[in-house]
Amino acid sequence: MKAVCVFTGSSFGADKAFEEAARSLGAAIAKRGFTLVYGGASVGLMGAVADSALAEGGEVIGVLPKALADLELAHTGLTELKIVDSMHARKTAMADAADAFVSLPGGLGTLEETFEVWTWTQLGVHAKPLGFVNVNGYYEGLLTFLDHAVASGFVKQKHKELALVDADPDALLEALAKTDVSYEPKWIDRQNR
Ligand code: AMP
């Protein structure tokens, strides 16, 4: 594992612990010698992850669509800032540059990006591990819903478990680095219907 892509909020959220987790994840990525890949903004938890990785001497690559460069205040101190044409190009560039994905607390953008790379692993588009930093149980409700999706026959337990979960950012990085993703075909009931 050389590069880790982080998805997280462009806001700070309501709990001070979210920012602390973002700062410790950024620092841990740099201390382990990994490159941080993220959305390139200077605001919210996104900015906090980047700042803490840079402060530890880490390499940080940001990928920002042109239309968001002003809105999300492009981070000007990165090792590299790639400006791309669209949201889709942004996600493709981030996914291509990373070997693993970590989701800190965040909003719709964070969830959308996380589910996309999760489904790409499920479909075998790539074989890259992912995980949630479950700060103060932020992702509990989502994980409970996914248990419901498994029980309802729409998601395989193995695909749900592709996403590792840990409250501690460095422990999550350690687990991701040891994870070898094997492809499990998605289609649950092709033989029966
Ligand atoms: P949020 O979690 O909503 O604060 O958003 C976090 C990041 O996700 C921000 O940089 C958003 O621009 C980005 N984002 C939101 N929607 C999308 C999308 N459809 N594709 C790519 N990035 C997105």
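Along every chain, residues carry numbers that run from 1 in the direction the sequence is written. The predicted origin of the model limits local features to residues at a pLDDT of at least 70 and limits the giving and counting of side-chain atom pairs to 80 or more, whereas totals for whole chains, interfaces and linings rest on all residues. As a rule here, side-chain values come from all non-hydrogen atoms in the structure, and water together with hydrogens is ignored.

### A few points about the site of the ligand
Part 1 of the reasoning: For each residue, the test is whether any non-hydrogen atom lies within 4 Å of the molecule or strand; if one does, the residue is near. Surrounding the ligand, one finds 16 residues, the nearest of these being Ser10, Glu72, Gly107, Gly109 and Thr110.
Part 2 of the reasoning: Polar contacts here mean pairs of N or O atoms no more than 3.5 Å apart (in protein, one a potential hydrogen donor and the other a potential acceptor; neighbouring residues in sequence count only if both atoms are side-chain atoms). Here Arg90 contributes a side-chain N or O atom positioned 3.0 Å from an oxygen atom of the ligand.
Part 3 of the reasoning: Residue assignment for the shell around the ligand shows that the elements contributing at least two residues are helix H3 (87-97) and helix H4 (108-123).
Part 4 of the reasoning: Numbering of helices and strands runs from the N terminus; a helix is a DSSP stretch of H or I covering at least four residues, while a strand is a stretch of E covering at least two. Looking at the shell around the ligand, the element that brings in the most residues is H4, giving five residues.
Part 5 of the reasoning: Amino acids are sorted into nonpolar (Ala, Val, Leu, Ile, Met, Phe, Trp, Tyr, Cys and Pro), charged (Asp, Glu, Lys and Arg) and polar (every other residue, Gly among them). For the shell around the ligand, the residue count by class is four nonpolar, seven polar and five charged.

### What about the nonpolar core?
Part 1 of the reasoning: Residue types Ala, Val, Leu, Ile, Met, Phe, Trp, Tyr and Cys, when buried and joined through side-chain atoms within 4.5 Å, form a set referred to as a nonpolar core. Think of it in three bands: residues with accessible area under 20% of the maximum for their type are buried, residues over 50% are exposed, and the middle band is partly exposed, with areas taken using a 1.4 Å probe on protein chains only. In this structure, Val6, Ile29, Leu36, Val102 and Leu104 are the most contacted members of the largest nonpolar core, which totals 30 residues.
Part 2 of the reasoning: Elements with a contribution of two residues or more to this core: strand S1 (3-7), helix H1 (16-31), strand S2 (35-38), helix H2 (44-55) and helix H7 (169-178).
Part 3 of the reasoning: If you tally residues by element for this core, the top one is H1, at eight residues.
Part 4 of the reasoning: Here a residue-residue contact requires only that any non-hydrogen atoms of the pair lie within 4.5 Å. Here Ile29 is in contact with Val4, Val6, Phe34, Thr35, Leu36 and Leu173, once residues within four sequence places are set aside.

### As for the sheet that holds S2
Part 1 of the reasoning: Here the rule is simple: two strands pair whenever DSSP picks up at least two bridges between them. If you walk across this open sheet you meet the seven strands as S4-S3-S2-S1-S5-S6-S7, and the pairing is parallel. Both outer strands of the open sheet, strand S4 (80-84) and strand S7 (163-166), are each paired with one neighbouring strand and no more. On average, each strand axis in the sheet is tilted by 25° relative to the strand beside it, whichever way the strands run.
Part 2 of the reasoning: Two elements, S2 and strand S3 (residues 60-65), share three bridges in a ladder whose sense is parallel. Opposite Val37, over in S3, you have Ile61 as the bridge partner.
Part 3 of the reasoning: In this analysis, axes come from line fits to C-alpha atoms, helices being fitted only over the stretch in contact, and the angle between any two N-to-C directions falls in the range 0 to 180 degrees. Contacts from H3 reach S1, S2, S3, S4 and strand S5 (100-103), with the element oriented near 160° to S3.

### Describing the packing of aromatic side chains
Part 1 of the reasoning: Classification of ring pairs uses Phe, Tyr and Trp, with its six-membered ring standing for Trp, and accepts pairs whose centres are within 6.5 Å; under 30 degrees between planes counts as stacked, over 60 as edge-to-face, and the remaining range as tilted. One pass over the structure, following the stated rule, counts six aromatic pairs.
Part 2 of the reasoning: Pairing Phe7 with Phe101 gives two aromatic rings, centres 5.9 Å apart and planes at 5°, and the pair type is stacked. You can see Phe7 sitting in strand S1 and its partner Phe101 sitting in strand S5, a full 94 residues away along the chain.
Part 3 of the reasoning: Look at Phe7 and you get buried, because its relative accessible area is 4%.

Read these as layout, nothing more, since geometry by itself doesn't imply function.
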